[in-house]
Amino acid sequence: MRTIDWVNGAVEIIDQTALPGEERVLRLHTVGELIAAIQSLAVRGAPALGVAGAFGVALAARIHVDDPVALAVAVQKVETARPTAVNLARGALRAAALIPHGPEAVLAEACAVRDEEIAASAAMARLGADLIVELCGARPRLLTHCNTGALAAVTVGTALGVVGELHQRGRLAGVIASETRPLLQGARLTSWELTRWGIEHRVAVDSAGPFLMARGEVDAVILGADRICANGDVINKIGTYSHALGARRAGLPFVVVAPESTVDHATPSGAHVEIEDRGSAEVTAWSEAVNPAFDITPFDLVTAIVTDRRVIRVDRGEKP
Ligand SMILES: CSC[C@@H](O)[C@@H](O)C(=O)COP(=O)(O)O
């Protein structure tokens, strides 16, 4: 299953706002439709956003083939549709670099971004599963946060791809999906994906994670990233930091799985990253709210970062 793809001149996505109730495919024909899908989280997750950014520029290059000014404006809108995941701007700018060669070259580059994420998922699943077995022994019980499956990464996924690989190897004893307030990417999307894979799991409220770790019900925390800074700080879904603190307190490995396309050497640390604020409405209808969508996990709380090419042992002093 590809959760985002280019099909007959349009971008097709699984509408993640409708899951798990309805499996609805959206066809996006315009840059405006694509940006609306990104902002409503119909398509979400860092690697998928990179592909969406690249396909968005491919759409723009076709639509504005004779209008370079309108094309530049459209590229900039795609690139900045959400601020935190580095993949979005990266994917958009990678495709935009091919604009001088015409719309077909832009589309070919966007398809390359998609294909590289598909390959990266497969590589991370193998590397990550090997590492988890090394760190935890056979049949670990894992806790994951947000959604890092195929929905977030075209196919397979990052951290959830590792979970799937361990399941296939017969080496998984259990999964807890942290529900991920307020939009419930864990309870709605991770649970839906694990059910499709036939993997038994339980959903926990976000605040239960550190307690379950302390009570000995978890052997490792494994999750994804929207951006990994040059110093190793991990930007990921709000709630990640509390899971990292819980894991450190319980003496558990805290493993981040993300493709190289999420590693951002140009950003020195988490303090330099714009954390998206998604406003009050998602949290409460009756008072003002603060709603940061991501947080920053300091690198010293991370045990290891698994990319498609490397296992970075932060616990041994290695950096991205
Ligand atoms: C493989 S996806 C990794 C991250 O992008 C994921 O954990 C996450 O935080 C997604 O946030 P979202 O706001 O749902 O796009």
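Residues numbered from 1 in each chain as written. Predicted model: local features only at pLDDT ≥ 70, side-chain atom pairs only at ≥ 80, totals over all residues. Heavy atoms only, no water.

**A few points about the site of the ligand**
At step 1: Around the ligand there are 17 residues in total, and Arg44, Arg82, Asp226, Asn236 and Lys237 lie nearest to it.
At step 2: Residue arginine 82 places a side-chain N or O atom 2.8 Å away from an oxygen atom belonging to the ligand.
At step 3: Aspartate 226 places a polar side-chain atom, nitrogen or oxygen, 2.8 Å from an oxygen atom of the ligand.
At step 4: Looking at the shell around the ligand, the elements with two or more residues in it are helix 2 (46–63) and strand 9 (234–237).
At step 5: If you count residues domain by domain, the shell around the ligand takes at least three from each of domain 1 (4–116) and domain 2 (125–316). (Near = heavy atom within 4 Å. Polar contact = N/O pair within 3.5 Å; in protein donor to acceptor, adjacent residues only side chain to side chain. Helix = DSSP H or I, 4+ residues; strand = E, 2+ residues; numbered from the N terminus. Domains from an automatic or database assignment.)

**A short note on the pattern of salt bridges**
At step 1: Evaluated as defined, the whole model comprises 22 salt bridges.
At step 2: Taking the shortest distance from any N to any O, the salt bridge between glutamate 109 and arginine 94 comes out at 2.9 Å. Taken together, the positions of glutamate 109 in helix 5 (residues 103–136) and arginine 94 in helix 4 (residues 86–96) put the pair 15 residues apart, joining distant regions of the chain.
At step 3: The class for arginine 94 is partly exposed, based on a relative accessible area of 29%. (Salt bridge = Lys/Arg side-chain N within 4 Å of Asp/Glu carboxyl O. Buried < 20%, exposed > 50% of the residue type's maximum accessible area, 1.4 Å probe, protein only.)

**Re the sheet that holds strand 7 (residues 220–223)**
At step 1: The 7 strands are arranged 6-5-4-7-10-13-14 in an open sheet whose pairing can be described as mixed. In the strand order of this sheet, the two ends are held by strand 6 (202–204) and strand 14 (311–312), each with one partner.
At step 2: Pairing of strand 5 (residues 174–178) with strand 6, which is carried by 3 bridges, proceeds in the parallel orientation. Note on strand 6: the bridge partner recorded for serine 178 is alanine 204.
At step 3: Against the sheet, helix 5 makes contact with strand 4 (141–145), strand 7, strand 10 (254–257), strand 13 (304–306) and strand 14, and its axis sits at roughly 155° relative to strand 13, the strand it touches most. (Pairing = 2+ DSSP bridges. Contact = heavy atoms within 4.5 Å. Axes fitted to C-alpha atoms, helices over the stretch in contact; angles between N-to-C directions.)

**Overview of the domain arrangement of the protein**
Accessible area lost during the coming together of the parts is what is often quoted as the interface size.
At step 1: What the domain assignment lists for the protein is domain 1 (4–116) and domain 2 (125–316).
At step 2: Inter-centroid distance (C-alpha atoms) of domain 1 to domain 2 is 25 Å.
At step 3: Taken together, the contacts link 24 residues of domain 1 with 29 residues of domain 2.
At step 4: Contact between domain 1 and domain 2 buries roughly 2200 Å² in total, counting both sides, with carbon and sulfur atoms accounting for 52%.
At step 5: For the pair domain 1 and domain 2, the number of links is 2 salt bridges.
At step 6: Linking arginine 82 and glutamate 276 is a salt bridge whose minimum nitrogen-to-oxygen distance equals 2.8 Å. (Buried area = accessible area lost by both parts, 1.4 Å probe.)

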